[in-house]
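Breakdown of the fold
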There are 2 protein chains.
Amino acid sequence: MIEAAAGARRVPVMADVARLAGVSHQTVSRVVNGQDNLRPATRAKVEEAIRQLGYRPNTAARALVTRRSATIGVIGSKSGYWGPSTVHRTIQAAGREAGYFVSSVNLQSLTREELVDAVEHLRNQGVEGIVLISATDEALEVARAQEQWGVPVVVVEGDPARTHWTVGVDQVAGAEAGTRHLVELGHSDIVHLAGPQEWTEGRARLQGWRNAMYAAGLRPSEHVTGDWSAASGFELGRRIAEREDVTAVFAANDQMALGLLRALSEAGRGVPGGERGVSVVGFDDIPEAAYLIPPLTTVRQDFEAVGRRAIEILRAALAGTPEPARLVEPELVVRASTAPPVERNP
Amino acid sequence: MIEAAAGARRVPVMADVARLAGVSHQTVSRVVNGQDNLRPATRAKVEEAIRQLGYRPNTAARALVTRRSATIGVIGSKSGYWGPSTVHRTIQAAGREAGYFVSSVNLQSLTREELVDAVEHLRNQGVEGIVLISATDEALEVARAQEQWGVPVVVVEGDPARTHWTVGVDQVAGAEAGTRHLVELGHSDIVHLAGPQEWTEGRARLQGWRNAMYAAGLRPSEHVTGDWSAASGFELGRRIAEREDVTAVFAANDQMALGLLRALSEAGRGVPGGERGVSVVGFDDIPEAAYLIPPLTTVRQDFEAVGRRAIEILRAALAGTPEPARLVEPELVVRASTAPPVERNP
DNA sequence: CTGTTAGCGCGTTCAA
DNA sequence: TTGAACGCGCTAACAG
């Protein structure tokens, strides 16, 4: 370390600022932390010294003494679906605005092992709280043990019955609205192209579809289950396309709807019109939804609201004044992929 | 703090482990850091004590004394396009695998001010290095001043001439391949639906298109410039659809191609066939590309390779053994949206 | 192979 | 309103 001693440029520390300003390091600390019992002249001197030296407080030292890392962790998943990744980005922005550093870890798969690993990783970093984005059953189970984690955990789209703090969109209401729209157009044979049932969203949307069917006095036919991907929407769509009685499909997300649109198109079944036509409703309102062929009627989720709300809840929990879960309302966006069914000639 | 002293459960520290194991805290440190000059029996004792207490090292204290935060920062953008966000997720995974904590900040817009802010934020956190994902001119300019930042910065899709460390896909080669494919099918009037020209990707793809046109002895017609979104692809596509002479379009990304497909469809111009048909090539190969109507021929980028490579380069830079930039090769994926032009009856 | 000592840079006492 | 002393939990350097 001879070089350092000899004057190689070191990162300036509080003591350097104190020396330059002619005060104690303690006074510098007060300026940095915005305390008000300081003579304006003193403050000015210190601020000038800070500027001149380009001083910045050492986060590690501060964290060590305050026992607060000013960091929160976010657990997302590696798959880049529009919804979760938008929530993730919003959380990062909101977390930073709230004065936190945001550390992320993306899971390859939502297995118990990977999840526990991620939590370990974040706890090692000393995060003050965690937001968990992908709510599968396994994730919820792990999150349930949060008392042991020592830090509050907010689960996005979690099951209120199984997690302490949660935030999300009213998935059931959204699915009901999407299905009801089809019912009101006159459809009665409405198939549900469902999402994976180990996801809370997948289950809730299935439930909403059923609710709306029963409410209309219709018997929900069986549903088919995909994996959120366009590929699965296409594969399952081919089978749906063979069923001439079907006049409408409510898909659990826009990607699957997209694959479905192509399957229908290939099968020569128009969307929405024509004698063998099929109406399609999606879920999410991805940015491309309005530009599909045809433009997709879908249920919009305000992912940014969810992300912001997640941070609000986490902050409240950290402050010791927990807030109740509150659902964000989804909104039906009607475009060109839905229309009344055309009379069929038997 | 009487409660604490009275025995309220504290987070265990190294000294607690040492006491329980009957060794010095230094020995515990050695175990924790995996040094090998330890008697197996001692190590076992310590490990048992660690397990029993649920001890975990305090990152802040370690960072303070080692002057290493074990954290790297990633700067991305709030817009959630497939490419950048895939790279972002991969970087997070690769960074963590390399033993780092990964702190992210997503920019609302890529203005100079926001960028400087993000860098400040990350430096305050004491990150050891930074990966900057969105390479616009402003971003590159800010990155250029990295000598002042005190930490190495890797720019994804940066301009090798203007940034120290960079990694990316050979955009020019990709655009050449996409355009050449159209040329080889027999098209000569190939329009380029370009990306924003302040993005290095946007410029490089334009350049590749031009190169391929000249190489084929064709005169590149003027290009139109979008903003990467499906909306802009649709708007510009409507104008392109009016030009009956155009038989092919090379779009700078898949989202714009998606919007374009709809514009062409609305204008009654088939893709790819028919007398007024238009062939379309995209760029990126988003997961939905294979399920558009028709399935999109496009240039695939290996975003995960880019993300992994970014971490490799950053690690090398941190280790003081910088590696040269190396481009990832893109790959043409031929699907159904391209075909030879049909003879026109004038 | 293991223990002792001395900080890392900062905030929290207290006293002045 | 300001300063001095102390310690946060850990690793580095040395001694044994």
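Residue numbers restart at each chain and count upward from 1, following the sequence in its written direction. Here chains are named by letter from A upward and ligands by number from 1 upward, in the order in which they appear as written. The predicted origin of the model limits local features to residues at a pLDDT of at least 70 and limits the giving and counting of side-chain atom pairs to 80 or more, whereas totals for whole chains, interfaces and linings rest on all residues. Computation of side-chain values: all heavy atoms of the structure, hydrogens and water removed.

Re the domain arrangement of chain A
Quick note on the threshold: An automatic or database domain assignment supplies the start and end points of every domain.
Once the domains are mapped, chain A shows domain 1 (14–65), domain 2 (69–169 + 303–328) and domain 3 (171–301). Here the C-alpha centroids of domain 1 of chain A and domain 3 of chain A sit 61 Å apart.

Comments concerning the sheet that holds strand β10 (residues 297–300) of chain B
Residues and elements named next belong to chain B. In plain terms, the rule: Each pair of strands is called paired provided DSSP finds at least two bridges between the two strands. Only DSSP runs of H or I with at least four residues qualify as helices, and only runs of E with at least two residues qualify as strands; both kinds are numbered from the N terminus onward. Two residues form a contact once any of their heavy atoms are found within 4.5 Å. What counts as an axis is a line fitted to C-alpha atoms, over the stretch in contact for a helix, and the angles between N-to-C directions run from 0 to 180 degrees.
Spatially, the six strands line up as an open sheet ordered β7-β6-β8-β9-β10-β12, and their pairing is mixed. Looking at strand neighbours, the two that pair on one side only are β7 (224–225) and β12 (331–333), the edges of this open sheet. Bridging between strand β9 (residues 279–284) and β10 involves four bridges; their strand directions are parallel. For Gly282, the partnering residue across the bridge sits in β10 and is Thr298. Lying over the sheet, helix α10 (residues 171–185) contacts β6 (190–194), β8 (248–251), β9, β10 and β12, oriented at roughly 165 degrees with respect to β9.

Details of the protein's contact with DNA strand D
To keep things clear, this is the line we draw: Any residue with a heavy atom positioned within 4 Å of a molecule or strand is treated as near that molecule or strand. Whenever a nitrogen or oxygen atom comes within 3.5 Å of another N or O atom, the pair is scored as a polar contact, on the condition that within protein one atom can donate a hydrogen and the other can accept it, and that pairs from neighbouring residues in sequence are kept only if both atoms are in side chains. Residues are sorted three ways: Asp, Glu, Lys and Arg are charged, Ala, Val, Leu, Ile, Met, Phe, Trp, Tyr, Cys and Pro are nonpolar, and all the rest, Gly among them, are polar.
Surrounding DNA strand D, one finds 28 residues, the nearest of these being Thr27 and Thr42 of chain A together with Met14, Gln26 and Tyr55 of chain B. Here, DNA strand D places atoms within 4 Å of the protein, and 61% of those atoms are sugar or phosphate. Between a phosphate oxygen of DNA strand D and a side-chain N or O atom of Thr27 of chain A, the distance comes to 2.5 Å. Gln26 of chain B is positioned with one of its side-chain polar atoms (N or O) 2.2 Å from a base nitrogen of DNA strand D. Where the surface near DNA strand D is concerned, the elements lending two or more residues are α3 (25–32) and α5 (59–66) of chain A together with α3 (25–32) and α5 (59–66) of chain B. If one sorts the elements of the surface near DNA strand D by residue count, α5 of chain B sits on top with five residues. In the surface near DNA strand D, the residues fall into 11 nonpolar, 12 polar and five charged.

Concerning the interface of chain A and chain B
Quick note on the threshold: Two parts placed together each lose some accessible area under a 1.4 Å probe, and adding up what both lose gives the buried area. Put simply, a salt bridge is a Lys or Arg side-chain nitrogen that is within 4 Å of an Asp or Glu carboxyl oxygen.
The interface is formed by 47 residues belonging to chain A together with 47 residues belonging to chain B. Of the roughly 4300 Å² buried between chain A and chain B on both sides combined, carbon and sulfur atoms contribute 55%. By the criterion of area lost to chain B, the three top residues of chain A are Arg56, Arg96 and Tyr291 of chain A, representing 18% of everything that side buries. Our count for the chain A to chain B interface comes out at six salt bridges. Note that Arg56 of chain A is salt-bridged to Glu120 of chain B, the shortest N-O span being 3.2 Å.

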